[in-house]
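Examining the three-dimensional arrangement
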Amino acid sequence: MPASPSLPPLIVTIDGVAASGKSSVSSGVARALGVPYLSSGLLYRAATLLGLEAGADLSEAAVLEALHTHPVRLEPLAQGNRVWQGERDLTADLHSTAVDHGVSVVAVLPGVREWVNAQLREVAPPFVAEGRDMGTAVFPQAPAKFYLTASPRVRAGRRAQERPEDVDAIEAALIRRDELDRVQSAPAPDAVVIDTGPLDLAGVIGAILERVVAVDQG
Ligand SMILES: Nc1ncnc2c1ncn2[C@@H]1O[C@H](COP(=O)(O)OP(=O)(O)OP(=O)(O)O)[C@@H](O)[C@H]1O
Ligand SMILES: Nc1ccn([C@H]2C[C@H](O)[C@@H](COP(=O)(O)O)O2)c(=O)n1
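Everything numeric in this text was worked out from a predicted model, so none of it was measured. (Residues numbered from 1 in each chain as written. Chains lettered and ligands numbered in written order. Predicted model: local features only at pLDDT ≥ 70, side-chain atom pairs only at ≥ 80, totals over all residues. Heavy atoms only, no water.)

1. Observations regarding the UniProt feature "binding site: ATP" (unreviewed entry) in the protein
- According to UniProt, the "binding site: ATP" (unreviewed entry) feature falls on G16, V17, A18, A19, S20, G21, K22, S23 and S24. Taking the annotated residues in turn, A18, A19, S20, G21, K22, S23 and S24 line the largest pocket.
- Assignment of secondary structure puts V17 in the loop between β1 (11–16) and α1 (22–33).
- V17 sits in the buried class, given a relative accessible area of 17%.
- In this structure, S24 sits in helix α1.
- Among the residues examined, S24 registers a relative accessible area of 37% and is labelled partly exposed.
- In this structure, S24 is in contact with L201 and I205, ignoring residues within four places of it in sequence. (UniProt positions renumbered as here; feature names shortened; annotations may be inferred. 1 Å grid on protein atoms, 1.4 Å probe; cavity = no way out; pocket = protein on both sides within 12 Å on 5 of 7 lines; lining within 4 Å. Helix = DSSP H or I, 4+ residues; strand = E, 2+ residues; numbered from the N terminus. Buried < 20%, exposed > 50% of the residue type's maximum accessible area, 1.4 Å probe, protein only. Contact = heavy atoms within 4.5 Å.)

And the structure:
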C-alpha cells in the first residue's frame, strides 16, 4: 500500500462575537485534541493594560512603546492561557472594567495588530486559535474554521451568571463592543457559523470536533 502523504499540523480557528463562548469552546476543543489553544484577545488586553499603566493616552506610539519597554508573552495552555511580563503574571488583571473599556480602541491600531499577529505566528502548530480574525487574517490557511454567534441577550445572560452585574447593562456593553470590533470581526468565507444560542457548551464543542475529525481525515 502506498504511504499516505503527511498532512501539515492542524490549525483550528474559532472566531466570534464578544462572549459567544470562544475561550470556553476553544479550551474544550483543544483539550479533546490534546493541543494548546491561543487566545489572541488576551494579547490585545495585555497591550491595553500596559498602555493604561504607562499613564499615557492609548495612542499607537504610547502602546507600542509600553510593549517594547515591558515585553509580554502568551503561555498557551489548553486549560487556560496566561500572559506574562517577565515574572509578573498579568492574567488576572486583563478582564478589569478599565481594560474592557480601552481594548476596542487599542485593538484597531495597525501596529498593535501586527505585534499580536507576529506573536501568534511564532507558535508551532498544531493548535486552536481563537479571536476575531484568526480564520480571515492570521491563519487563512487553516483547514478547519468556525465562527460563533448568539444573540446579545443570550450572551448577556451567560455573563450575568459569572459577574454580579445587571443583565441589561451587560447586554448594552456587549452591543457596543460588537459595534467597535465589527471591522476586524467577520466569518471567513470557508468558516462554519454556529449559533450557540440553542446549544450548551458540550454541544458546541461536540459539533466542532465532529467537523475537525472529518477535515483531518481528509
Ligand atoms: N453554548 C454555551 N452554553 C452555555 N454557556 C456558554 C456557552 N458558551 C459559553 N458559555 C458561557 O458563556 C460565558 C462566556 O464564554 P467565554 O468567556 O468563553 O466567551 P468569549 O467569547 O471567550 O468571551 P470574550 O469575547 O469576552 O473573550 C462563560 O460563562 C461560558 O461558560
Ligand atoms: N483577534 C482578535 C481578538 C480580539 N480582538 C479585540 C476585540 C475585543 O474587544 C478585544 C478583547 O477580546 P476578547 O477577550 O473579548 O476576545 O480584543 C481583536 O480585535 N482581534
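2. A word on the layout of surface pockets
- Reported here for the largest pocket is a volume of approximately 970 Å³.
- A19, K22, S23, H95 and R159 are, among the 45 residues lining the largest pocket, the residues nearest its centre.
- Among the secondary structure elements, those contributing two or more residues to the lining of the largest pocket are α1, β2 (37–39), α2 (40–53), α4 (97–107), β6 (127–131), α7 (152–160), α8 (167–181) and α9 (201–216).
- In terms of residue count, α1 provides more of the lining of the largest pocket than any other element does, six residues in total.
- The residue inventory of the lining of the largest pocket, partitioned by class, reads twelve nonpolar, 17 polar and 16 charged.
- Approximately 340 Å³ is the volume attributed to the second largest pocket.
- For the second largest pocket, the lining is made up of 15 residues, of which D100, H101, R163, E165 and A173 are closest to its centre.
- Among the secondary structure elements, those contributing two or more residues to the lining of the second largest pocket are α4 and α8.
- Looking at the lining of the second largest pocket element by element, the count peaks at six residues for α8. (Points joined across faces, edges and corners; volume = space filled by probe spheres on them. Nonpolar A, V, L, I, M, F, W, Y, C, P; charged D, E, K, R; others polar.)

3. As for the environment of G135
- You can see G135 is positioned in helix α6 (residues 134–138).
- Along the primary structure G135 and V72 are separated by 63 residues, whereas in three dimensions their C-alpha atoms are 24 Å apart.
- When sequence neighbours within four positions are dropped, the list of residues in contact with G135 reads T13, D15, P140, K145 and A188.

4. A word on the sheet that holds strand β7 (residues 144–149)
- Pairing in this open sheet of five strands is parallel, and the strands run β2-β6-β1-β7-β8 from one edge to the other. The open sheet has two edge strands with one neighbour each: β2 and β8 (192–195). Taking the axes of each pair of neighbouring strands and ignoring which way they run, one obtains an average angle of 20° across the sheet.
- Of the strand pairs in this sheet, β1 and β6 are connected by five bridges, and their pairing is parallel. The residue bridging D15 from the neighbouring strand is G131, located in β6.
- The sheet strands contacting α2 are β2 and β6, and the helix crosses β2 at an angle near 35°. (Pairing = 2+ DSSP bridges. Axes fitted to C-alpha atoms, helices over the stretch in contact; angles between N-to-C directions.)

5. Observations regarding the packing of α1 against α9
- In contact at an axis separation of 9 Å, α1 and α9 are set at 50° when each is read in the N-to-C sense. In terms of orientation, α1 and α9 fall into the oblique class. By crossing handedness, the relation of α1 to α9 is classed as right-handed. Across from S24, V25, G28, V29, A32 and L33 in α1, the residues of α9 making contact are L201, V204, I205, I208, L209 and V212.
- Across the contact of α1 with α9, the residue classes break down as ten nonpolar, two polar and no charged. (Parallel < 35°, antiparallel > 145°, perpendicular 65-115°, else oblique. Left-handed = near helix turned anticlockwise from the far one by under 90°.)

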